[in-house]
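So the chains spell out like this:
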Amino acid sequence: MARAVTTNRKALNTAIAWTIGFVIFFPILWTILTSFKTEAQAISDPPIFLFFDWTLENYSVVQERSNYMRFLWNSVIIAGGSTILGVMIAVPAAWSMAFVPSKRTKDILLWMLSTKMLPAVGVLYPIYLIFIKLGILDSRIGLTIVLMLINLPIIVWMLYTYFREIPGEILEAARMDGASLKEEILYVLTPMAIPGIASTLLLNFILAWNEAFWTLNLTAAKAAPLTAFIASYSSPEGLFFAKLSAASTMAIAPVLILGWFSQKQLVRGLTFGAVK
Amino acid sequence: MATQHSRSAARLMMAPAVILLLGWMLVPLTMTLWFSFRTYLPLRGGDQGWAGFSNYTRFIGSSSFWPSVQTTLIIVGGVLLITVVLGVILALLLDQPMWGQGVVRILVIAPFFVMPTVSALVWKNMFMDPTNGILAHIWRFFGATPVEWLSQASMPSIIMIVSWQWLPFATLILLTAVQSLDSEQLEAAEMDGAPFLSRFWFIILPHLSRAITIVILIQTIFLLSIFAEIFVTTGGAFGTRTLTYLIFQRVLESQNIGLGSAGGVYAIILANIVAIFLMRIVGKNLDA
């Protein structure tokens, strides 16, 4: 029996929830608003909310000063590349663990998860050294590989939890009809797995985009992505709130939008299926 | 039925992922272990030979070690307390009937998708700046002297920033758990006249315990190694140097690889203690 809810109660809930939502979202909203102000208006006291002279000047200044497009491009390549590479390696592994499980499958899965818990700082210097020896320090390829390895356990887990929900009978039917392993994967499994693969791609792209230990420590000028671009704004130079806001807005906008689409996968992906 | 053929094919398909992760784990780990027993100063004479356990004793004996462990634990504990308590309250609130639930959820989730360097910088400058930050405006409005947040109240400020980033994650997971609550049981308790607090304590909280454990463990793993937030705001000054940051400084700033590696081994041990508990819980879920 559904509980009857009075309109008053519902209105009260709505008011409280919207207020809290607004407070939590406020720093992001304020950053976006400030990015359209002049520097003088950005620091005016009392602060101005909406009635200022909207300007796009900050965006062009930021682009000129620090070549935003280059950092953006690095972020896209590194986050996109590491995610796609990771999924390509993880799909076969997750497929075999979900459909041809053995006694050791569970141990392998847990072991993969355990590599995720290795604190990055514990292996900072070895990775640094290996990168210098291989000549891939401050290169997109090096960072792509590291981020792929960091996220690989999550990718395998997410795909595994999705694949496990595909009924095995369908695969057996295909096998009975004489489908080869290749055909089975290509024509039966892939179409059913596409939604799961898509959400895995989405969440891991976001995680790679925001990763801020390796991207800060393994890049300098050439391969630096947006995380490093923003960190370069940490020492203030005169009036800069509006420019900082413009730079921040540009760095978070793509992922904020993607993130809203992937809230459900976030729970599933980051809890390794332990909360559904 | 899996045939012998498909079984060996399966092994082959697993191989790339397993080999890559094995290499990723073993190679740097072995190197860190090796360096931790060496006197290794790349800028001052390179590898100067065997050091025994001296790096380990020196790292623990240094005056900055225990404060850094303490700082780490306070940040992790503070953020966990805030995110779990507020997360439970928010999850229960968001589960209530209301208008525009989807929009509110989007607003609440948003901070999780902001990259750490951005949220740290935005908070540091636009909110916590002692002359032009929003908080300074508010303080002056009430006639108070603005606080220099990141130097006078550095730890609460950092805990605040990090909690803002992680509250969405806790809320989202707890909300998922709240939604799977058996509402008939709650209604029955309500009809029997159980007040909200005892319904919360005896029905809701036990139901959420597993989700809360998961939130605590996963956040602990990420929080033990927070870096960007400190790198951008205080640079480890004003008592905010965590274990991660201390090791980072030993390795990259003072270029003492042996000492830094010994610190790295301590960090790995600390993380593994947490990890073991998480694995138990996740592993149990696999059997179900």
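Residues numbered from 1 in each chain as written. Chains lettered and ligands numbered in written order. Predicted model: local features only at pLDDT ≥ 70, side-chain atom pairs only at ≥ 80, totals over all residues.

**Considering the overall build of chain B**
Right, so step 1: Of regular secondary structure, chain B possesses 13 helices and 2 strands.
Right, so step 2: The globule rule puts the C-alpha radius of gyration for 288 residues at 19 Å, and the 24 Å found for chain B is more than 25% above it.
Right, so step 3: Counting only C-alpha atoms, chain B reaches 75 × 75 × 30 Å along its principal axes.
Right, so step 4: Here chain B holds 288 residues, and the buried ones make up 44% of them.
Right, so step 5: The long-range share in chain B, meaning contacts at least 24 apart out of those at least 6 apart in sequence, stands at 69%. (Helix = DSSP H or I, 4+ residues; strand = E, 2+ residues; numbered from the N terminus. Rg over C-alpha atoms; globule rule 2.2 N^0.38 Å. Buried ≥ 20, exposed ≤ 12 C-beta atoms within 10 Å, placed from the backbone. Contact = placed C-beta atoms within 7 Å.)

**Let's talk about the interface of chain A and chain B**
Right, so step 1: With 84 residues of chain A at the interface, the matching set in chain B holds 85 residues.
Right, so step 2: In terms of residue count, the dominant contributor to the side of chain A that touches chain B is helix α1 (residues 7-34) of chain A (16 residues).
Right, so step 3: Counted by class, the side of chain A that touches chain B contains 63 nonpolar, 17 polar and 4 charged residues. (Nonpolar A, V, L, I, M, F, W, Y, C, P; charged D, E, K, R; others polar.)

**Section: the pairing of strand β1 (residues 38-41) of chain B**
Right, so step 1: As defined by bridge partners, β1(B) adjoins strand β2 (residues 46-50) of chain B across 3 bridges and the pair is classed as antiparallel. Paired with Arg38(B) across the strands is Trp50(B), a residue of β2(B). (Pairing = 2+ DSSP bridges.)

**Some points on the domain arrangement of chain B**
Residues and elements named next belong to chain B.
Right, so step 1: Once the domains are mapped, chain B shows domain 1 (34-64 + 241-288) and domain 2 (74-232).
Right, so step 2: Listed per partner, the contact involves 11 residues of domain 1 and 11 residues of domain 2.
Right, so step 3: Residue contributions to the side of domain 1 that touches domain 2 peak at 7 residues, all from helix α13 (residues 257-287).
Right, so step 4: Looking at the side of domain 1 that touches domain 2 residue by residue, the class counts come to 9 nonpolar, 2 polar and no charged. (Domains from an automatic or database assignment.)

**Notes on the pairing of β2(B)**
Right, so step 1: For β2(B), a buried count of 0 out of 5 residues is recorded, marking the element as mostly open to its surroundings.
Right, so step 2: Counting the residues in the hairpin turn of β1(B) and β2(B) gives 4 residues, including Gly45(B), whose phi is positive at 100°.

**Some details on α1(A)**
Right, so step 1: A rise of 1.5 Å per residue sets the reference length of α1(A), with its 28 residues, at 40 Å; its end C-alpha atoms lie 37 Å apart and thus fit the reference within 8%.
Right, so step 2: If you look at α1(A), its biggest bend is around 55°, right at Phe26(A), and the proline Pro27(A) turns up within four residues after that.
Right, so step 3: For α1(A), every residue scored as buried is listed here: Asn13(A), Ala17(A), Gly21(A), Ile24(A), Pro27(A), Ile28(A), Thr31(A) and Thr34(A).
Right, so step 4: Here the buried face of α1(A) lies against α2 (39-42) and α12 (241-261) of chain A together with α3 (65-95), α4 (101-109) and α5 (116-127) of chain B. (Expected span 1.5 Å × (residues − 1). Bend = angle between axes of the 7 residues up to and from the residue.)

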